[in-house]
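Chain and residue survey
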Amino acid sequence: MDDWLPDAQVLAMLDLEPQGWMLARAVRDGDVIADFELVFINDAGCRMVGRHRAELVGRRYRQLWPETVHDGTLPFYRSVVQTGSPAVRMVYYERASIAGHFEFRVGPYRDGIMVRCVDLRQVRVSPESAGAVRLYDMLDTAFDGFTVLRPVRAADGEVLDFVCEYVNQQGAKMTGRTVEDAIGHPLSEIAAHSWESGLFDRYRAAADTGKPWRQELSYPEIGQVWEIKVGRTGGGHVAVSFREITEQVDRQRQLVEIAARAEQAAARARSLECVTGALVAANTTAQVYAAIGSVLRPSAGGQGLALLLRQEQSLHLAYHAGYEPEVVARLRELPVEHPYPAATVARTGQPCYLTSPAQFDAAQPDADSAVPPGNRQAWAFLPLTVAGEVLGTLVVGYREPRDFDPDTRSTLTALAALGAQALQRAMLFETSMSIASELQHALLPATLPTTAGLRHAARYLPWTRGAEVGGDWYDIIPISDGIVGVVIGDVAGHNTAAAAAMGQVRDALRAYAMAGQRPSTVMTNTNHLIRAVRLDAMATCCYLRLDVARGTATGVLAGHPPPILRDAHTTTLLGLRTQAPLGVSDSVVYRESSFDFPPAATMVLYTDGLVEDRSHPLDRGLEELCAAVRGAPRLDPADILDHILRSDVGPRPRRDDVALLCLTREPLDS
């Protein structure tokens, strides 16, 4: 192995180098280089990898740095041996076996390689020493360009010139000379352009201050970019390295362009995500228009936006932002056959992009009927299409002329599609809400009967959405003079089946009550009816029979929360016996309880959506409701209910419908 290494003088010189030097012999498997065996590493190299020489020499690359085997390093070394040409590679490692930002300059050496490893975070240029000629012979194969300059100083110490004490082959070529013609000659002779280019000032500054300098210089005439590094050696000389980085610069430029395109794509994705979130949250057309104005318009990049919906044979302006009054006036209603591009798009379903006012004017040759451009220079007319149906046209206007590249067109088309879907969803929702609202009002009493000595008020707070209808109801039933039935109930479910069941339960209970049956009989018969006709429904209910003149009441609770009674002294939950809900079992026999309803007293009946849900315990809700009733105004039922609804009662936000009924008995002196 000693015959394979350079002589001892060269090895000693390499050991003095502040950068890492390594020699490695190719390990072959037949004709294939399978690995490299490290036969020499200098002290600087040992420090770089953080291991002793004895742990390194004689071992193979795959053993020493297994984490880097598959990053292209071995093929890179193998190609240097196979081609006989030196090469440079920059890598960044953050591994257990090696960490740092390195530049590897690799040259062929016998049946193997010699590697100069520079830690780019700690670059220094070493001074000359004995054996430099042999070392520089090796550097010729490993460096693109390298020279050592000795400063020539005046008597006062000012640097007047430099003498070239060493230059490698590539460095000499850059001056247009041979190595022999450069070494020993002054810089002013071999590179006079250094003064004009400012390089001389950089060399002088490095010689005087020791501060290193680095610069990239472009040579467009030959299509190359070079990196120049200048530093001062320990002996006061100036070391200059020249490295062509054209390929790296081109690659970096490409990476920047790729990153810019990726950022644009990410921005478009963020924009679409933001618009999607805003439009998904919109339930009504007004909310969709607000989202279009506040989120979609900035995402589209336009300064003006109009949304035209098709109705029969015309387009109607549904929403606009950023457009001048004269433009808005002409867009209020347009025949679908109008030459304005928005009308064409609504007819054909194909987008249209105009990049200049000239194109806009050409689309509407009749100036008298044309829609004015306003302060716009470019336009995107986008169809609002859902499932093949064109709802209308989204118009985005721009104050500056612009071209619509494929990415921009794709983004605008996607934004318009999102807007169309949200708009159709909102239209369907509003239609469903209208139907549900009419059905809900039809199921609740339009008015409640008046009874001497009794005042009342009711509230219904729907939570359900779309076509869903709640099963909560309330009623006051006239039975005889001064006697009324009071009902509040809740059929399980939020759908048309629950609403239908609620209507049947309400009507049955009302019929039994008006027949004069006792509360226990009313509830028992209603339960039997539900079971007999197989309504497949369950309902909680509170039914009270009030004798207003006497101030007495009899009631039954069927799985429902108890009413709250407030008199002159206390506010409390009525102690009615709690029994099974209606529709649960044929064998239930309901029992009634009696209590007093004194003059000036208040009674509040409610459904459970007011006081509880999965996250809000019933006991807590009842305490909150009692507190609200206790602090409510006296006598006026409407004021009492408004006070309760303003108070911090029950879950927030609500997740169920709420029905409320408040009764107050007139004072004796009224």
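As shown above, the structure is provided for reference.
Presented here is a report on the structure given in the accompanying data block.

Helices and strands together make up the secondary structure of the protein, namely 21 helices and 27 strands. Out of the 670 residues in the protein, the part that is buried amounts to 48%. The long-range share in the protein, meaning contacts at least 24 apart out of those at least 6 apart in sequence, stands at 59%.

In the structure shown here, the tally under the stated rule is one cavity of 30 Å³ or more. Here the lining of the largest cavity gets four residues from one element, more than from any other, and that element is strand β5 (residues 112-119).

In this structure, Met523, Leu582, Met603, Leu605 and Leu663 are the most contacted members of the largest nonpolar core, which totals 50 residues. Not counting chain neighbours up to four residues away, the residues in contact with Met523 comprise Leu509, Cys541, Tyr543, Val556, Ala558, Leu582 and Tyr590. Counting 27 residues, the second largest nonpolar core, distinct from the first, contains Ile41, Leu64, Tyr77 and Val115.

All right, on to the side chain of Thr147 then. Take Thr147: it is sitting in strand β6 (residues 145-153). Here Thr147 is in contact with Cys164, Tyr166, Val167, Val238, Ala239, Val240 and Phe242, once residues within four sequence places are set aside.

With 13 residues, helix α20 (residues 618-630) extends 18 Å between its outermost C-alpha atoms, agreeing within 8% with the 18 Å of an ideal straight helix rising 1.5 Å per residue. Buried residues of α20: Gly621, Leu622, Glu624, Leu625, Cys626, Ala628 and Val629, and no others. At its buried positions, α20 is contacted by β22 (564-566), β23 (571-573), β26 (602-606) and α21 (637-646).

The subject of this paragraph is unusual backbone geometry. Put simply, Arg652 and Pro653 share a cis peptide bond, and its omega is -5°. With respect to the helices and strands, the residue Pro653 is situated in the loop between α21 and β27 (658-665). Even without glycine at this site, Arg110 takes up a positive phi of about 50°. Mapping Arg110 onto the fold places it in the loop between β4 (99-108) and β5. What makes Arg110 exposed here is its relative accessible area of 52%. Even without glycine at this site, Ala600 takes up a positive phi of about 65°. In this structure, Ala600 sits in the loop between β25 (593-596) and β26.

A word on the side chain of Asn42. The residue Asn42 is located in the loop between β2 (32-41) and α2 (43-49) in this model. For Asn42, a relative accessible area of 0% gives the class buried. A polar atom in the side chain of Asn42 sits 2.8 Å from the backbone oxygen of Leu14. Only 2.8 Å separates the side chain of Asn42 from the backbone nitrogen of Gly45, close enough to count as a polar contact. Dropping the residues within four chain positions of it, Asn42 is found in contact with Leu14, Asp15, Glu17, Gln19, Gly20, Trp21 and Arg53.

What follows covers the sheet that holds β26. By definition, the strands of a sheet pair up through backbone hydrogen bonds, in either a parallel or an antiparallel sense. If you walk across this open sheet you meet the five strands as β17-β27-β26-β22-β23, and the pairing is antiparallel. Two strands lie at the open edges of the sheet, namely β17 (454-461) and β23, each paired on one side alone. Averaged over neighbouring strand pairs, the angle between their axes works out to 15° when direction is ignored. Here eight bridges tie β17 to β27, and the two strands are oriented antiparallel to one another. Bridging from a neighbouring strand, Ala458 pairs with Leu661 of β27. Taken strand by strand, α21 contacts β17, β22, β26 and β27, and its axis lies near 35° from that of β17.

For the structure on display, the rule yields 22 salt bridges. Linked through salt bridges whose partners overlap, the residues forming this network are Arg214, Glu216, Glu227 and Lys229.

Rules used throughout
- Residues numbered from 1 in each chain as written.
- Predicted model: local features only at pLDDT ≥ 70, side-chain atom pairs only at ≥ 80, totals over all residues.
- Heavy atoms only, no water.
- Helix = DSSP H or I, 4+ residues; strand = E, 2+ residues; numbered from the N terminus.
- Buried < 20%, exposed > 50% of the residue type's maximum accessible area, 1.4 Å probe, protein only.
- Contact = heavy atoms within 4.5 Å.
- 1 Å grid on protein atoms, 1.4 Å probe; cavity = no way out; pocket = protein on both sides within 12 Å on 5 of 7 lines; lining within 4 Å.
- Points joined across faces, edges and corners; volume = space filled by probe spheres on them.
- Core = buried A, V, L, I, M, F, W, Y, C linked by side-chain atoms within 4.5 Å.
- Expected span 1.5 Å × (residues − 1).
- Polar contact = N/O pair within 3.5 Å; in protein donor to acceptor, adjacent residues only side chain to side chain.
- Pairing = 2+ DSSP bridges.
- Axes fitted to C-alpha atoms, helices over the stretch in contact; angles between N-to-C directions.
- Salt bridge = Lys/Arg side-chain N within 4 Å of Asp/Glu carboxyl O.

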